[in-house]
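Observations on the model geometry
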Amino acid sequence: MKLNKKFLVIPIVLGMSLALVNCKNDTKKEDTPVVEEMAEASIIKSNFGMFQDSIPVEKYALVNANGMEVDVITYGGIITSLKAPSQDSTFQDVVLGFDSLEEYVEGSPYFGAIIGRYGNRIAKGEFKLDGETYTLPVNDGDNSLHGGTAGFDKVVWNAEEVKDGDNVGLKLTYLSPDGDMGYPGNLETTVTYTLQADNTLMVKYEATTDKPTVVNLTQHTYFNLSGNFDNTILDTEVMINADQYLPVDAGLIPTGELKSVAGTTFDFNKPKKIGAEINAEDDQLKKGLGYDHCWILNGTGGEMKLAATALDPESGRFMEIMSTEPAIQFYTGNFLDGTLTQKDGEGTYAYRSGFCLETQHYPDSPNQADFPSTVLKPGEKYETTTSFKFSVQD
Ligand code: BGC
């Protein structure tokens, strides 16, 4: 990466995680006091505890040359911390999470986790494929949510560091055995997180199967771009690039209708404060206890397209999400209730103190023939990509 600034001061925020290299002053005259220092992107591995007293869990800190840092643990592929740039060139943690493995294991509302095999709900924990009925564990009223009682958020993934020039990444793999949580087929799954030099976190999902099955993988990070977890997210300005959304029934299963957002509280085509209409008299908002719905992204097919943006107006922190996926679940932390302890060990995560923007296929697709298919067959490759780019707006 080339930095044009003649003199770059590197914030010492990351302690030992930054290495100083490339003092490229060989072309300068002896008396020109110009030192160009660049931090090298790095990956720092540390221990994050022991799962079920026997499986070590590691934490990998991915740090780019600017000092942006994304921490990932091998349990659930969870992003435990994401330090995004601020106006003053420092970096602040903008994702909800915990300090210890125990808290993640004991009762996390999917903070930061990889979701699989199926993001969001499958009605009544049941679906038919090729004439066969498959039964899944029910863990959300009558329905199966986020892959069942022990989905991909609750397993320990294998990890491999990936370094490619200025990009630092982590390749996580997991073999979900045939019948795991009721789903057919041995599913070889890979999720690769890559932190790029331009402050983009790329998330690439891949899977193959040896029997026909259904797959819908996503990432469940709760963002609070203010960096202060005592704040709600109601002032965050969100844009969702979607003209339609999926209304839900009382159990949050899509009714099957694709409804226009025009003239409704679900219209986020222009940036709007999350809190602007969240408490409006609206049957759908009542069902979701706020926003907890799937928006159908504008654009065709599997190309990388703009999905959503979010801006914290106070700090100027800005996130842009692009995805190959056809839809995005926007969830406004309506089930957070102040019972979970923040990372600093002091405050708690209050109602609506984090929001999720989960790129995915539609919920309950295996039971809704008109929705884009989530079926994966042997010989095919499941491949989707989502990126989260962080910057600062003045
Ligand atoms: C769902 C919510 C659910 C939450 C779990 C979201 O993806 O849409 O209904 O409560 O995940 O934390």
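Only a predicted model underlies this, so the values are computations on that prediction, with no experimental measurement involved. (Residues numbered from 1 in each chain as written. Predicted model: local features only at pLDDT ≥ 70, side-chain atom pairs only at ≥ 80, totals over all residues. Heavy atoms only, no water.)

Observations concerning the overall build of the protein
Put simply, the test is: Elements are defined by DSSP. Helices are runs of H or I of four residues or more, strands are runs of E of two residues or more, and each kind is numbered from the N terminus. For a compact globule the rule gives 2.2 Å times the number of residues to the power 0.38, and the radius of gyration it is set against comes from C-alpha atoms. In this analysis, two residues are considered to be in contact whenever any of their non-hydrogen atoms come within 4.5 Å of each other. For every accessible area listed, the method is Shrake-Rupley and the probe measures 1.4 Å; residues are considered covered only by the protein chains on display. Residues scored as positive are Lys and Arg, those scored as negative are Asp and Glu, and His as well as the terminal groups of each chain are ignored. By convention, the point assigned to a charge is CZ for Arg, NZ for Lys, CD for Glu and CG for Asp.
Counting secondary structure elements, the protein contains 2 helices and 29 strands. The C-alpha radius of gyration of the protein comes to 21 Å, within 12% of the 21 Å expected for a compact globule of 394 residues. Seen through its C-alpha atoms, the protein measures out along the principal axes to roughly 80 × 45 × 45 Å. Pairs at least 24 residues apart make up 65% of the contacts formed inside the protein by residues separated by at least 6 positions. Per element, the accessible surface of the protein, about 16,600 Å² overall, is 49% carbon and sulfur. Across the protein, the 31 positively charged side chains and the 58 negatively charged ones have centroids separated by 4 Å.

Overview of the pattern of salt bridges
The following threshold applies: A pairing counts as a salt bridge when a side-chain nitrogen of Lys or Arg comes within 4 Å of a carboxyl oxygen of Asp or Glu. With a 1.4 Å probe rolled over the protein chains alone, any residue whose accessible area is under 20% of its type maximum counts as buried; one over 50% counts as exposed, and the rest are partly exposed.
If you walk through the whole model with that rule in mind, you get 12 salt bridges. Close ionic contact of lysine 343 with aspartate 93 constitutes a salt bridge, the shortest N to O distance being 2.6 Å. Highlighted residues: lysine 343 in the loop between strand E26 (327–331) and strand E27 (356–360) and aspartate 93 in strand E7 (residues 91–93), separated in sequence by 250 residues. Aspartate 93 shares its class with lysine 343; the two are buried. One salt bridge connects glutamate 383 with lysine 204, and the closest N-O pair in it is separated by 3.7 Å. Taken as a pair, glutamate 383 in strand E29 (residues 382–392) and lysine 204 in strand E16 (residues 200–209) lie far apart in primary sequence, 179 residues in all. Judged by its relative accessible area of 45%, glutamate 383 falls in the partly exposed class.

Looking at the environment of lysine 204
On the basis of relative accessible area, lysine 204 is assigned to the partly exposed category, the value being 32%. Sequence separation between lysine 204 and leucine 62 is 142 residues, and the spatial gap between their C-alpha atoms is 16 Å. Dropping the residues within four chain positions of it, lysine 204 is found in contact with Thr190, Val191, Thr192, Glu383, Thr384 and Thr385.

With respect to the UniProt feature "active site" (unreviewed entry) in the protein
Rule in force here: UniProt positions are given in the numbering used here, feature names are shortened, and annotations may be inferred rather than shown by experiment. Polar contacts, as used here, are pairs of N or O atoms within 3.5 Å; protein pairs need one atom able to donate a hydrogen and one able to accept it. Residues neighboring in sequence count only if both atoms are side-chain atoms.
Taking the numbering used here, the UniProt-annotated feature "active site" (unreviewed entry) corresponds to His220 and Glu358. Judged by maximum C-alpha separation, these annotated positions cover 139 residues in sequence but sit close together in space, the widest gap being only 6.1 Å. Looking at the element boundaries, histidine 220 is found in strand E18 (residues 218–220). Not counting residues up to four positions away in its chain, the partners in contact with histidine 220 are Pro109, Tyr110, Phe111, Gly112, Ala113, Ile115, His146, Tyr331, Cys356 and Glu358. One polar contact links histidine 220 to histidine 146, side chain to side chain, over a distance of 3.3 Å.

Some details on the site of the ligand
What counts here: We call a residue near a molecule or strand when any one of its heavy atoms sits within 4 Å of it.
Neighbouring the ligand are 13 residues; Arg121, His220, Tyr222, Asp292 and Glu358 lie closest to it. Coverage of the ligand by the protein amounts to 95% of the 310 Å² it exposes when considered alone.

Brief notes about the side chain of glutamate 358
The residue glutamate 358 is located in strand E27 in this model. Looking at glutamate 358, its side chain comes within polar contact range of the side chain of histidine 220, at 3.5 Å. Apart from residues lying up to four places away in sequence, glutamate 358 is in contact with His146, Thr218, Gln219, His220, Ala327, Ile328, Gln329 and Tyr331.

Brief notes about the nonpolar core
What counts, and what does not: Residues grouped as a nonpolar core are buried Ala, Val, Leu, Ile, Met, Phe, Trp, Tyr and Cys residues, joined through side-chain atoms within 4.5 Å.
One finds Ile240 and Trp295 to be the most contacted residues of the largest nonpolar core, which totals 60 residues. Here tryptophan 295 is in contact with Ile240, Ala242, Gln244, Tyr245, Val261, Phe266, Phe268, Pro326, Ala327, Ile328 and Phe330, once residues within four sequence places are set aside. Formed by 18 residues, the second largest nonpolar core is a distinct cluster that contains Ile78, Phe98, Leu101 and Leu336.

Observations regarding the sheet that holds E26
Counted only if it meets this: For two strands to be treated as a pair, DSSP must find no fewer than two bridges joining them.
The 5 strands lie next to each other as E21-E20-E23-E26-E27, forming an open sheet whose pairing is antiparallel. Looking at strand neighbours, the two that pair on one side only are strand E21 (259–260) and E27, the edges of this open sheet. Where strand E20 (residues 242–246) meets E21, 2 bridges bridge the pair, whose relative direction is antiparallel. Its bridge partner being in E21, glutamine 244 is matched across the sheet by serine 260.

Brief notes about the UniProt feature "binding site: beta-D-galactose" (unreviewed entry) in the protein
The feature "binding site: beta-D-galactose" (unreviewed entry), as given by UniProt, occupies Asn120, Arg121, His220, Thr221, Tyr222 and Asp292 in the numbering adopted here. The class for histidine 220 is buried, based on a relative accessible area of 3%. Along the chain, the position of aspartate 292 falls in strand E23 (residues 292–297). Residue aspartate 292 is classed as buried on the basis of its relative accessible area of 5%. Beyond its immediate chain neighbours, meaning those up to four positions away, aspartate 292 contacts Arg121, Leu252, Gln329, Phe330, Tyr331, Asn334 and Phe335.

Re the state of the cysteines
Convention followed: The criterion for a disulfide is a pair of cysteine sulfur atoms lying within 2.5 Å.
A full pass over the atoms with the stated rule returns 0 disulfides. Cysteine 356 provides the cysteine sulfur closest to cysteine 294, a residue in no disulfide bond, and the two sulfurs are 13 Å apart. On the basis of relative accessibility, which here comes to 0%, the residue cysteine 356 falls in the buried class.

So, the side chain of aspartate 180
Examined against the element boundaries, aspartate 180 turns out to sit in the loop between strand E14 (167–176) and strand E15 (187–195). One buried charge, aspartate 180, has no salt-bridge partner; the nearest side chain with opposite charge is arginine 117, at 4.9 Å. Leaving out residues up to four positions away in the same chain, aspartate 180 has contacts with Arg117, Phe152 and Tyr174.

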